[in-house]
Amino acid sequence: MSHYLTGHKLTLAASLFGLTALLSGCASSPEDNLSCGTVSGYLQPDASTHWYRVVVTHLNGKPVVSKPNYQLAPGEYEFTVAELIDDPSLGVSLSARTPKTFKLMVEGHQRYHIGALFHTDKRYMGKDSDYWEPGVWQQENHECQFDLSPETK
């Protein structure tokens, strides 16, 4: 009987050792798994730069509720945005004010401020939608980690 218990204890000890090694392997690089980049659309750019705010309507082709910040795992994303250009020289019709898409390669620990660049090289009138293009007007280092608290799951 003591031989059985000794073998059972060894099997249990080996299992616990294997589980501990597996867990410590996962824990050795939590930053790699949890790092993220932030895409922000809440800041009002300086109007003298001809950049304006945008509202995100779709992320990777899926409708989203617009919010100030999107914390995303590193990788490439496609944003569909609607411009919020408030410039008296803009004379296009409402039908020309349609959303546009652009791709953004998000890197960990970076914040990307996105917006609409208003082209002021000519006077845009009627249904000409070439008056703006979406993009990043500012990029900065920013600590970003996914919040894994129970409320956010």
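Since the structure is predicted, the reported quantities are computational estimates derived from the model, not experimental observations.

Student: Tell me what's going on with the overall build of the chain, and back it up with residues and numbers.
Tutor: Tallying secondary structure elements over the chain gives two helices and 11 strands in all. The order of α-helices and β-strands along the chain, N terminus first, is α-α-β-β-β-β-β-β-β-β-β-β-β. Going through the 153 residues of the chain one by one, you find that 29% of them count as buried. Taking contacts inside the chain between residues at least 6 apart in sequence as the whole, the part at least 24 apart equals 72%.

Student: Give a detailed account of the pattern of salt bridges, specifying residues and quantitative values.
Tutor: A full pass over the atoms with the stated rule returns three salt bridges. Measuring nitrogen to oxygen at the nearest pair gives 3.4 Å for the salt bridge that ties R111 to E140. Of this pair, R111 sits in strand 9 (residues 110-118) while E140 sits in strand 11 (residues 132-141), and the two are 29 residues apart along the sequence. Its relative accessible area of 10% is what places R111 among the buried residues.

Student: Could you give an account of the sheet that holds strand 6 (residues 75-83), with specific residues and numbers?
Tutor: Within the open sheet, the four strands sit side by side as 4-3-6-8. Their pairing is antiparallel. Looking at the sheet topology across the chains shown, the edges are occupied by strand 4 (62-63) and strand 8 (100-106). In the sheet, strand 3 (residues 54-59) pairs with strand 6 via five bridges, with the strands oriented antiparallel. Following the sheet pairing, V56 is matched in strand 6 by V81.

Student: Tell me what's going on with the environment of Y131, and back it up with residues and numbers.
Tutor: For Y131, the position within the fold is in the loop between strand 10 (125-126) and strand 11. By relative accessible area, which is 0% here, Y131 ends up buried. Each C-alpha atom, one on Y131 and one on R97, is 9.2 Å from the other, the two residues being 34 residues apart in sequence. If near-sequence neighbours (up to four positions away) are discounted, Y131 is found in contact with E83, I85, L90, V92, A96, R97, L117, F118, H119 and Y124.

Student: Give a detailed account of the packing of aromatic side chains, specifying residues and quantitative values.
Tutor: Within the structure shown, the criterion is met by three aromatic pairs. Taken together, a centroid distance of 6.3 Å and an interplanar angle of 75° make the contact between Y70 and F79 edge-to-face. Comparing Y70 with F79 shows no difference in burial state: the two are buried. The interplanar angle of 25° and the centroid separation of 5.8 Å between the aromatic rings of F79 and F102 together place this pair among those described as stacked. Placement of the pair is F79 in strand 6 and F102 in strand 8, with a sequence separation of 23 residues. The class for F102 is buried, based on a relative accessible area of 11%. Through pairs of rings, three or more aromatic residues link up here, namely Y70, F79 and F102.

Calculation rules
- Residues numbered from 1 in each chain as written.
- Predicted model: local features only at pLDDT ≥ 70, side-chain atom pairs only at ≥ 80, totals over all residues.
- Heavy atoms only, no water.
- Helix = DSSP H or I, 4+ residues; strand = E, 2+ residues; numbered from the N terminus.
- Buried < 20%, exposed > 50% of the residue type's maximum accessible area, 1.4 Å probe, protein only.
- Contact = heavy atoms within 4.5 Å.
- Salt bridge = Lys/Arg side-chain N within 4 Å of Asp/Glu carboxyl O.
- Pairing = 2+ DSSP bridges.
- Phe/Tyr/Trp six-rings, centres within 6.5 Å; stacked < 30°, edge-to-face > 60°.

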